[in-house]
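Structural description and commentary
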Amino acid sequence: MAKHTKHFHSLILFVATFSLFSSCNASYINVVSFGAKPDGKLDSTGAFLRAWSSACKSNEAATIYVPKGSFLLKQVTFWGPCMNKIDIRIDGTIVAPSDYWSLGNSGYWILFMKLNRVSIYGGTLDGSGAGYWHCKKTGGNCPAGARTLSFSWSKNVEISGLTTINSKAMHIAVDHCQNVMIQDVRIRAPSRSPNTDGISLQFSTDVTISHATIMTGDDCISISQGTTNVWIQRIACGPGHGISVGSLGTFGDEAGVQNVTVTDSVFTKTDNGVRIKSWPQPSNGYARDIVFRNLIMQNAYNPIIIDQRYCPSGNCPHQNSGVKISRVSYEHIKGTSASPIAINFDCSESNPCWGIILQDIKLTYYKGSATSSCRNAGGSSSGIVIPRSCV
Ligand SMILES: *[C@@H]1O[C@H](CO)[C@@H](O)[C@H](O)[C@H]1NC(C)=O
């Protein structure tokens, strides 16, 4: 009897495996069979769009496969809604044209719109940004810089094992999305490439970013208006501008940022470590319930900073920031500061920061002792805090 049952189970398993396998096969779409060319020269945009359209109409979960090789894509939007889950598996490299005008002025290179259940596994996206950065730096007549990979108005998104290099503008932009998981990604652009943020979030909720290596010319990760429930873990950031909440207060009427945790991460030679920044002007925006925990600073210029007078151009109204910052905790943060002010809370005069907690901090400055600086900042500290807390 026992033996029969066992055979019966094997048969069930065999049938189940077989049908799973064949159904996968039925909607397995190789972009090459739609005419994509792996030579990095011929435009594969049309082929990718045809592959997408076929996957999107599929009655069962579909896999789009991009094999080894280099595929040239121009500006492309993959529209939803689609019938089913779509997985995109990439073994090759997708390359943007280095002629930045050929991407138009939309600010996007690869855009996914209005989707539910889409995943990208593996692959490299090469934004070919060098010419565009040169145009920006020399003050030429340049179009809007194209972000490499954007997800807008989508939910249940996963990006795993992806590499993105030399974006013309931001590398990964997540906008109006829900339930997004970004893991095992590598992002790389030179430290002097302008506005090449690693991952940028806005108007999104339930976002996890874990195990990423990010080297850029701007923020490694930025979390801006309307973003809630964010978990960021195991990030190696640097060079770059650190992990930022903000810029906030860009608009008078603005949704806030709430419930963000950044943990187990290392910042190496970054301009900032963990930063909250807002423009010096009226706004109803806010940032609250933010936790920065278990972080190592290796020569970060401003390891811990709240800057409510953020104005990199110097050309701002210089009013009090209306953005309300509260319940921000910094726990177990160690390492070295590249500037003497290791902790800097520069909060709004009309909306002081409150509920700032410092716990077990040890930040040193190589030329002498580090200091902390507070303006309109209230809260408490516990454990050993070096430099001594000013809240
Ligand atoms: C805060 O966000 C985390 C995910 O990062 C989530 O698990 C948790 O439930 C959220 N807390 C609240 C109060 O919404």
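Higher on the page you've got the structure.
Scope of this entry: the structure provided in the associated data block. Values in this document were obtained by computation on a predicted structure and should not be read as measured data.

**Comments concerning the site of the ligand**
The environment of the ligand is made up of N229, V230, W231 and N259. In this structure, an oxygen atom belonging to the ligand sits 2.3 Å away from a side-chain N or O atom of N259. Its free accessible area being 360 Å², the ligand has 37% of it covered by the protein chains. Residue contributions to the shell around the ligand peak at three residues, all from strand β19 (residues 228-237). Split into classes, the residues belonging to the shell around the ligand amount to two nonpolar, two polar and no charged.

**What to know about helix α2 (residues 45-57)**
Counted at 1.5 Å a residue, the expected span for α2 with its 13 residues is 18 Å, and the 18 Å between its end C-alpha atoms agrees. Every buried residue of α2 is accounted for by T45, A47, F48, A51, W52, A55 and C56. Relative to the axis of α2, the buried residues are bounded by an arc of 165° and lie together on one face.

**Considerations on the pattern of salt bridges**
Scanning the model with the defined rule gives eight salt bridges in all. The partner of R293 in a salt bridge is E331, with the nearest N and O atoms 2.9 Å apart. Placement of R293 in strand β23 (residues 286-300) and of E331 in strand β25 (residues 324-337) is noted, with a sequence separation of 38 residues between them. Overall, E331 belongs to the buried group, its relative accessible area being 18%. Through salt bridges with shared partners, a single network forms among R309, D346, E349 and R375.

**Describing the state of the cysteines**
The tally for this structure, following the rule as stated, stands at six disulfides. The side chain of C311 participates in a disulfide bridge whose partner is C316; the two sulfur atoms lie 2.0 Å from each other. Given an S-S torsion of about 105°, the disulfide between C311 and C316 has right-handed geometry. Assessed through its relative accessible area of 14%, C311 is described here as buried. Taken in N- to C-terminal order, the disulfide-linked cysteines of the protein are connected 1-2, 3-4, 5-6, 7-8, 9-10, 11-12. Its sulfur unpaired, C177 is 14 Å from the next cysteine sulfur, which belongs to C82. According to the relative accessible area criterion, C177 is buried, its value standing at 3%.

**What about the side chain of S27?**
Assignment of secondary structure puts S27 in the loop between α1 (2-26) and β1 (28-30). According to the relative accessible area criterion, S27 is buried, its value standing at 4%. Within the local environment of S27, its side chain forms a polar contact with the backbone oxygen of A61, the two atoms lying 2.5 Å apart. Setting aside anything within four residues of it in sequence, one finds S27 in contact with S58, E60, A61, A62 and T63.

**Observations regarding helix α3 (residues 130-137)**
Those residues of α3 that fall on the buried side of the exposure criterion are Y132, W133 and C135. In an axial view of α3, the angular spread of the buried residues amounts to 155°, which keeps them on one side of the axis. Opposite the buried face of α3, at more than 90 degrees from it, the exposed residues are A130, H134 and K137. Positive phi shows up at G139, right after α3, with a value of about 65°.

**Some points on empty space enclosed by the protein**
Evaluated as defined, the whole model comprises one cavity of 30 Å³ or more. What lines the largest cavity is a set of 15 residues, among which F48, F78, I88, I94 and F112 lie closest to the centre. Of all the secondary-structure elements, those providing two or more residues to the lining of the largest cavity are α2, β3 (62-66), β6 (86-90) and β8 (108-113). Split by residue class, the lining of the largest cavity holds 15 nonpolar, no polar and no charged.

**Some words on the sheet that holds strand β18 (residues 221-223)**
Within the open sheet, the eleven strands sit side by side as β5-β8-β11-β14-β16-β18-β20-β22-β24-β26-β28. Their pairing is parallel. Every interior strand has two partners, whereas the edge strands, β5 (76-79) and β28 (371-375), have only one. Shown here is a sheet whose adjacent strand axes are inclined to one another by a mean of 15°, direction ignored. Sheet topology places β5 next to β8; four bridges connect them, and they run parallel. Note on β8: the bridge partner recorded for T77 is L111. The strands that α2 touches are β5 and β8; relative to β5, the one it contacts most, it runs at about 5°.

The rules we used
- Residues numbered from 1 in each chain as written.
- Predicted model: local features only at pLDDT ≥ 70, side-chain atom pairs only at ≥ 80, totals over all residues.
- Heavy atoms only, no water.
- Near = heavy atom within 4 Å.
- Polar contact = N/O pair within 3.5 Å; in protein donor to acceptor, adjacent residues only side chain to side chain.
- Areas by Shrake-Rupley, 256 points an atom, 1.4 Å probe, with all protein chains shown as cover.
- Helix = DSSP H or I, 4+ residues; strand = E, 2+ residues; numbered from the N terminus.
- Nonpolar A, V, L, I, M, F, W, Y, C, P; charged D, E, K, R; others polar.
- Expected span 1.5 Å × (residues − 1).
- Buried < 20%, exposed > 50% of the residue type's maximum accessible area, 1.4 Å probe, protein only.
- Arc of directions from axis to C-beta.
- Salt bridge = Lys/Arg side-chain N within 4 Å of Asp/Glu carboxyl O.
- Disulfide = S-S within 2.5 Å.
- Contact = heavy atoms within 4.5 Å.
- 1 Å grid on protein atoms, 1.4 Å probe; cavity = no way out; pocket = protein on both sides within 12 Å on 5 of 7 lines; lining within 4 Å.
- Points joined across faces, edges and corners; volume = space filled by probe spheres on them.
- Pairing = 2+ DSSP bridges.
- Axes fitted to C-alpha atoms, helices over the stretch in contact; angles between N-to-C directions.

By themselves, these are just geometric observations and shouldn't be taken as functional.
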